[in-house]
Amino acid sequence: MDLLALADFTLVARHGGFGRAARASGRPKATLSRRVAELEAALAIRLIERGGRALKLTEEGRALFERTGALLTELDETVGAISSGGQTPRGRLRISAPLLFSQTAMGKLAATFALKYPDVRLDVTTDDRTVDMVEEGYDLVIRVNPDPDDSLVGRIFLRDQMVVVAHPALARPATEVAIPAIVRSTDQITAWNVASAAGPSRIAIEPILRLSSVIMVRDAVRAGVGAACLPLSLASHDLAAGRLLQWAELDAPPVELWTLYPSRRLLSARVSAFLDHLKEAFPTGTSAELATYVEG
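Below is a short write-up of the structure. On a predicted model such as this, the values are computed, not experimentally measured, just so you know.

## A word on the pairing of strand β7 (residues 162–166)
For β7, a buried count of four out of five residues is recorded, marking the element as mostly surrounded by other parts of the structure. Note: β7 against strand β11 (residues 227–231), four bridges, orientation antiparallel. The residue of β11 that forms the bridge with Val165 is Ala228. Two elements, β7 and strand β12 (residues 245–250), share four bridges in a ladder whose sense is antiparallel. Paired with Ala166 across the bridge in β12 is Leu245.

Take a look at the structure:
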C-alpha cells in the first residue's frame, strides 16, 4: 500500500474536504484528489462519495480513517521527535480548553508559553463538549471532571470547590423559605445541597436569573440580585474584600481540572513542555493558587 496516498486520504478526511485539506497543507487540490483516486484504485473500493458539496466518506472510508488516522499521527510525531532530537519543542500544538478556564487563565498561560517556546505555534479553542481528540486533531485537552476513557491518559493539575455566596445586603433566611438565586441556564434545580458543621443541609432556591456563563453569574451576584453557587477560585477575592459573603460549601466532590492526551501517542516535546508549564503555573493545584494567578 502507498503510505503517502494513505496519508493524503487521512488529510482530506480529517479536514472534511479536498479544498480545506489543500489550504491546510499548502498542496494542490488536484494532487490530493489524484492521490486519493489512486488509493481507491489500489484497494478496489470507493472511499469518498463524489458529487456533493460536502465531503462524505463511504462506510469503508470511515473505517479506514478511524483505524489509520491515529497510527499516522503517531508515526508523524515519532519522526518529528527523532528529527528534532526529541527535546526541542516545535511545531503546532492544538489544545481544547473549557470556557471558564479559558476566560480566566488561558490567555495568560498561552502568552507566557509562547514567549518561552517561540518555535511552538499554539492553537487554543474553547469548548465544553467532549471533543474527539484524534479525529479533530487535538494534541491535548483540558477537561473538568472527565469521564473515564481507556483511550486517554492524563493528570489532575487543579482542584477547586463550589461555594454558595451572596452580597452582604442579602440575608440568609433561617427557614426553608426559598431565596432568590442566580443559576446557569442549564441548571434545573430547586435547592443546593450544602455541607455544614451539623451535617449536610439544603438551601431552597427560587431562580430569578438564568445565565449562560459563570462569569455572568459572578457579575450578577456582585450586584446583589441573589445568591449563587460559584467556584471558590472565582469568588475568593470578592470574599476577601467583603464584596461577597460565603454561606456554605456545596456538598459535592471537588472540581478537578485534568489534562488529557491519547494513550497511544508518543508524548511529544511540545505536549511535555505545556504540561511542565502548567505545573510551574500551579505547583500545588489549589483554588487559592488559581485565584492568585488570575488576578496577578
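## Describing the sheet that holds β11
Read around the closed barrel, the six strands follow the order β7-β11-β8-β10-β9-β12; overall the barrel is mixed. Across the sheet, the mean angle separating the axes of adjacent strands is 50° when strand polarity is ignored. Where strand β9 (residues 191–195) and strand β10 (residues 201–211) come together, four bridges link them in antiparallel fashion. Bridging across to β10, Ala191 finds its partner in Ala204. Relative to β11, helix α7 (residues 214–222) is tilted by about 135°, and along the sheet it contacts β7, β8 (179–184), β10 and β11.

## Points about the environment of Met106
Within the secondary structure, Met106 is located in helix α5 (residues 99–116). Met106 has contacts with Ile95, Ala97, Phe101, Val124, Ile142 and Phe274, leaving out every residue within four places of it along the chain.

## Brief notes about the pairing of β9
Counted along the chain from β9 to the antiparallel partner β10, the turn is five residues long, and its residue Gly199 has a positive phi close to 115°. Sheet topology note: the β9/β12 ladder contains two bridges and is antiparallel. Across the sheet, Ala195 pairs through a bridge with Glu249, a residue of β12.

Calculation rules
- Residues numbered from 1 in each chain as written.
- Predicted model: local features only at pLDDT ≥ 70, side-chain atom pairs only at ≥ 80, totals over all residues.
- Heavy atoms only, no water.
- Buried < 20%, exposed > 50% of the residue type's maximum accessible area, 1.4 Å probe, protein only.
- Helix = DSSP H or I, 4+ residues; strand = E, 2+ residues; numbered from the N terminus.
- Pairing = 2+ DSSP bridges.
- Axes fitted to C-alpha atoms, helices over the stretch in contact; angles between N-to-C directions.
- Contact = heavy atoms within 4.5 Å.

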